[in-house]
Amino acid sequence: MWLKLCCTLKTEPGSSAFWWPMFLIVLMRPHLLTAPGGHLVCRGLIKNGERQDEESVGGRRRTEALRHLCKMNPSQALRVRGMVVEECHLPGLGVALTLDHTKNESSDDGVSDLVCFVSGLLLGTNAKVRTWFGTFIRNGQQRKRDNISSVLWQMRRQLLLELMGILPTVRSTHIVEEADVDMEPNVSVYSGLKEEHVVKASALLRLYCALMGIAGLKPTDEEAEQLLQLMTSRPPATPAGVRFVSLSFCMLLAFSTLVSTPEQEQLMVMWLSWMIKEEAYFESISGVSASFGEMLLLVAMYFHSNQLSAIIDLVCSTLGMKIVIKPSSLSRMKTIFTQEIFTEQVVTAHAVRVPVTGNLSANITGFLPIHCIYQLLKSRSFTKHKVSIKDWIYRQLCETTTPLHPQLLPLIDVYINSILTPASKSNPEATNQPVTEQEILNVFQGLSGGENSRLPQRYSITTQLLVLYYVLSYEEALLANTKILAAMQKKPKSYSSALMDQIPIKYLIRQAQGLQQELGGLHSALLRLLATNYPHLCIVEDWICEEQITGTDALLRRMLLTNIAKNHSPKQLQEAFSMLPGNHTQLMQILEHLTLLSAGELIPYAEVLTSNMNRLLNAGVPRRILQTVNKLWMVLNTVMPRRLWVMTVNALQPSVKIVRQQKYTQNDLMIDPLIVLRCDQRVHRSPPLMDITLHMLNGYLLASKAYLNAHLKETAEQDIRPSQNNAMGPEAPEVTREELKNALLAAQDSAAVQILLEICLPTEEEKAQSSNIHSLLKSVHSTTSPKSPELEEEEDSLLCNLREVQCLICCLLHQMYIADPNIVKLVHFQGYPCELLALTVAGIPSMHICLDFIPELIAQPELEKQIFAIQLLSFLCIQYALPKSLSVARLAINVMGTLLTVLTQSKRYAFFMPTLPCLVSFCQAFPPLYEDIMSLLIQIGQVCASDVATQTRDFDPIITRLQQLKEKPHEVSGLCKDSSIKSCSRDIASMDPDVRLCQCVENTIIEIINMSVSGV
C-alpha cells in the first residue's frame, strides 16, 4: 500500500520537495502521525491541496493518500478531519474520513457521526464552511461519470441506508373507513416509528432539508420515496414525537416536489388527517403545550388569508435554517389545505374547541393556540362564520402568568377591533361580543385590602393587568371610532362608570411598575392609555410623591415596624378619633404607627381616616395630627386616588350638607369640579387639609377635561345628523361644539382661580384681629415691656395659617398657568381685587406671562381694566425689571398722558387716584423714566388747576411748588415731607376732586424724590 501511495504522490503535479521526504517518514512509521511533526505534514498536505478535491485527478489522489494514511492510524482520522474543516480544503477527504469512522463505530440507534458532521457543516454558524461544503455538493452532482465511485455518492448511499434502517418494516395500506367504529381510539393501523428511532429520524430530516435547501441537493426518486415514507410515518406520543411531526410537516411544505404522484399525494393527505385526529391525544400524553395541531391550524389560516410569506417564515423558523422557498411551490398545498382538509369554516369551528394554554407565559415557546386565534381574528373568520370567540379569549387571559407572552397584547388589540369594526359595511352586525362587566369584575374581586391582609387572589396580577389593558383600550378605540360607527348606525355599548370606579387602576399600575422587566411593553402601554383617558391619575406631583414613599427612607421606616403597629385596627382608629378634641395622645400614637405601613396596607383605614376629617376642623387639634393625616392621605393617594377623593370631598362638606346626607359621586365631581371648593370654610385656614383640597381640585379639573372630551366623541352622531341639511357644511356643528366645550373649560378653570384668589383675602374677622394685634403691639413696644407669649402665639398662628394657605394656592395657580397660559389672560381680563396683586406677582413665578397681554388690557375701553392693568404692571416692573417691562411701562405712561386729555373730571379723578402711586414703582424699577413721569405729573396738576382756576385762587402756589420740585429736587428734598404734611392739613377739608388729585400728584412727586435721593 505504501509503495502505491508513494507513486501516487510522487507523480502528483505541484508536489513539494519539502513535504515528500517528510511524508515518506510518516508513511513508513504511521505511529509518528501522532507527533507534532506528523500533524504538520498532514496540515501542509491539506493546506496545499485543492479547495474541491474531486475536481482534479491530483486532488482525488491526495485525498486517497491521506485517507489510507488515516486508515493505518485510525485514532488520528478525526483530527485530520478537523484540519480539513479548518482549512476549508479537500471536502471529499473530510466526508471519506467520516464514512470510514461511521463504519468502524458500533451500530446503535443513535444519530451517526456522518449525520452530525454534515449537519454541523451546513447548519453551523460559519458561513465560509457552509459555502465551501455546499459547493462540494453542487459540483459533485454535476459530474455524470464515475458517480458510483465518488465520495458524494458514497455519502448519499450511507445516508439512505441509515434512513431505510429506521423506517417501519410493515406498513398497511388499509385506509380507515368511518364504519370501523369498533377499532380502539388513538390506535393507528399503521406501524409507527419506534421510540428509539425518533430522535435519529428528526436529525435525518433536518440534514436532508439542509442538503436540499442550502447545498442544493437534488434527491433521486429512491431518496424522495424513502424520505416521504419517513415523513409520513407515525411516531409515538412523546415530546420527541411532536418535534418529529412538526419537522415532517414543515419539510412537506418546503419541498413539495417530493410528492409527485397521486398515490403519494393520497398518502400525504391521509397523514395530515391523522395529524388532525391525533394532535389532542399527543398533547395530553406528551405534556407539550405547543403541539403540531396549532401549527396545522396556523398554516391553514395563512393559506386562507393567502399569507404565503408567513408560511415560509414559519417553516424556516421550525426547521431552524434559512432556505429559499418559492411561493409558487405552495400552490398545490394551498389547494389541499383550503379545499380538502381545512375549509375556513372548519378552521374557525376547530379553533374554538382548542383548549387554552395553561399558565401561558413567554417561557412557553413554539406555536400555540393563541397564534391561531390571533390570525383568525385578524382575518375576521369568526365574525364571518358567526363563531363566538369571546369565552375562549377570556379563559386565555385568565390563564396567564409572568413573563408576559408577546402575543397577548396583539391578541387583545385585534379582538377589540373585531368588536367595534364590522367585517363588512354590508353586514354591520358581524362583530364579536365584548367581555361582560361581570366577567371583568370577577377578575378584580377582593382587590381592596392591604398587601398582606388580602385574601389569596384567584387571578394572577398578569391577568388583572391584561384585563385592565383590555378595558382601557376598548374605551379608547370606542371613542376613536365613534364617527364611523355613527355613520353605520351602530353604537357598541360602553363600559359603565360604576365598573371603572371599582377597578383599582392606580394600584395595578403601581404593581406593574415593579414588574416592568417581566411584563414587556404592557406597563408602557398602560401608562399611555392612562395619560390619554385618565390624566388626573398621571399628575407629576403624584409620581414624585410615590418615589419618596417607595424610596430608601420608607424602607428604613418599615424596619422599625413593630407588632403593636400592625395590630391597630380601623375600629381602634375610629375610637381614637371620637376622643377628639379632649384626648389626642392615643390618636397621635396610632397615626404615627400607620405611617410605617405600606400604601397597600393602609387601604382598610382609608374610610375611617376620611370620614373623620371634619373632626380635625375643630379648635384645639394639634398641628402634628393634621400633618400626619395629610401624610397618610398622600400615601393612600398613590393606590386608590379616585375612591379616596370622593370620600374626602363628602367628608369635608359643610355640616348642613352632611346632615342632609348629600353624597357626591365620582361622576358629579367630574362634571362640576368646583364642588371641591364648596367645603367647610374652616378648611381654607387649615393648611394640611387645604393642601389635600387643592390636590383634589387639580385632579378633578384634569378629569373634567377628559370627561368632556370623551362626551364630545360619544355624542358624535349629533354632528352627523344636522350636517345632512346644513348649508354651512358638515364641519360647522363639530367646530361649534368644540368651541362650546373649550369655553366651558375656560370658564371652569377661571372660576376655580377666582375662588382660590378670594380665599387668599383675609376675612373681616382676620382684619379686625390683625388691627387689634397691631395696636396692642405698638402699646407694648411703647412701654418697652416684653411681648406676652399668648399674644405672640396668636399672631404667629394667624399669619402662619393664612400665609401658608396663600403659598399653597400660589403653587397650584403657577401649575395651572404653565399648563395653559390662556387662563392667565382670561383671569386678568376678568380682574380681581388689587390687594392681591402684590401676592400674586411675588408668589406665582409664571406671572411674567402677563407682560405679553398688558398692552391689550390697557387698550380695553373699560376704565377699571385700564386701572387694573397699570397697577399690575407696577408690581411686575419691580419683580421683573426686564427690557420688555421697560417698553410696556413707557407705553403705560404714554397712555396715561393721552387719557389725561380726553377724560372728564369725574373719570380723571377715578383713573389717576389709584394709578398715580404706580408711577413711583416705574421710577424705582426704571430710573430713565424719571423725566417722562415728572412731566406727566406736572401736566396732571396743570389740567386740574385749569378746571378750578375760577374757584380756588390758591392753586397757583401749588403749581409753582410742583415746578420747583421738578427743577430743584435736591434743594427741597429735606422739606418735602413737612411741606406735604402742611399742604394736607391745610387742604384736608377740601373735597374738590381736582384739589385732592393735585395733592396726590404732589405726594407722588415727593415719594419719587425721596426714593431717588435715598437710593431706594
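For the structure, see preceding data.
What counts as what
Residues numbered from 1 in each chain as written. Predicted model: local features only at pLDDT ≥ 70, side-chain atom pairs only at ≥ 80, totals over all residues. Heavy atoms only, no water. Core = buried A, V, L, I, M, F, W, Y, C linked by side-chain atoms within 4.5 Å. Buried < 20%, exposed > 50% of the residue type's maximum accessible area, 1.4 Å probe, protein only. Helix = DSSP H or I, 4+ residues; strand = E, 2+ residues; numbered from the N terminus. Contact = heavy atoms within 4.5 Å. Axes fitted to C-alpha atoms, helices over the stretch in contact; angles between N-to-C directions. Parallel < 35°, antiparallel > 145°, perpendicular 65-115°, else oblique. Left-handed = near helix turned anticlockwise from the far one by under 90°. 1 Å grid on protein atoms, 1.4 Å probe; cavity = no way out; pocket = protein on both sides within 12 Å on 5 of 7 lines; lining within 4 Å. Points joined across faces, edges and corners; volume = space filled by probe spheres on them. Nonpolar A, V, L, I, M, F, W, Y, C, P; charged D, E, K, R; others polar. Polar contact = N/O pair within 3.5 Å; in protein donor to acceptor, adjacent residues only side chain to side chain.

1. Comments concerning the nonpolar core
Where a protein is soluble and globular, its nonpolar side chains tend to be buried together. Counting 300 residues, the largest nonpolar core has Tyr470 and Phe922 as the members making the most contacts within it. Here the element with the most residues in this core is helix α23 (residues 461-480); it accounts for 11 residues. Sequence-distant contacts of Tyr470, that is, excluding residues within four places in its chain, are made with Ile412, Tyr415, Ile416, Ile419, Pro434, Val435, Ile440 and Tyr495.

2. Quick word on the packing of helix α37 (residues 641-651) against helix α40 (residues 687-714)
Look at α37 against α40: their axes get within 11 Å of each other, and the N-to-C directions meet at 125°. Classified by the angle between their axes, α37 and α40 sit oblique to one another. In this structure, α37 crosses over α40, and the sense of that crossing is left-handed. Residues Arg642, Trp645, Val646, Thr648 and Val649 of α37 form the contact with α40, whose own contacting residues are Ile692, His695, Met696, Gly699 and Tyr700.

3. Brief notes about empty space enclosed by the protein
In the structure shown here, the tally under the stated rule is one cavity of 30 Å³ or more. Every residue lining the largest cavity is listed: Val649, Leu652, Gln653, Ile675, Val676, Cys679, Thr693 and Met696. In terms of residue class, the lining of the largest cavity is built from six nonpolar, two polar and no charged.

4. Examining the layout of surface pockets
Of the pockets and cavities examined, the largest pocket occupies roughly 710 Å³. Going through the elements one at a time, α23, α25 (497-502), α28 (522-533), α39 (666-671) and α40 are the ones with two or more residues in the lining of the largest pocket. By residue number, the principal contributor to the lining of the largest pocket is α40, which donates eight residues. Looking at the lining of the largest pocket residue by residue, the classes come out as 11 nonpolar, 11 polar and six charged.

5. Section: the side chain of Asn612
With respect to the helices and strands, the residue Asn612 is situated in the loop between α35 (606-611) and α36 (623-636). At a separation of 2.8 Å, a polar atom in the side chain of Asn612 contacts the side chain of Arg615. Discounting chain neighbours no more than four positions away, the residues touching Asn612 are Gln574 and Phe577.

6. What to know about the environment of Lys47
Note that Lys47 resides in helix α3 (residues 36-47). In this structure Lys47 comes out as exposed when scored by relative accessible area, which is 51%. Linking Lys47 and His89, residues 42 residues apart in sequence, is a C-alpha distance of 6.6 Å. Not counting the four nearest positions on each side in its chain, Lys47 is found in contact with Glu87 and His89.

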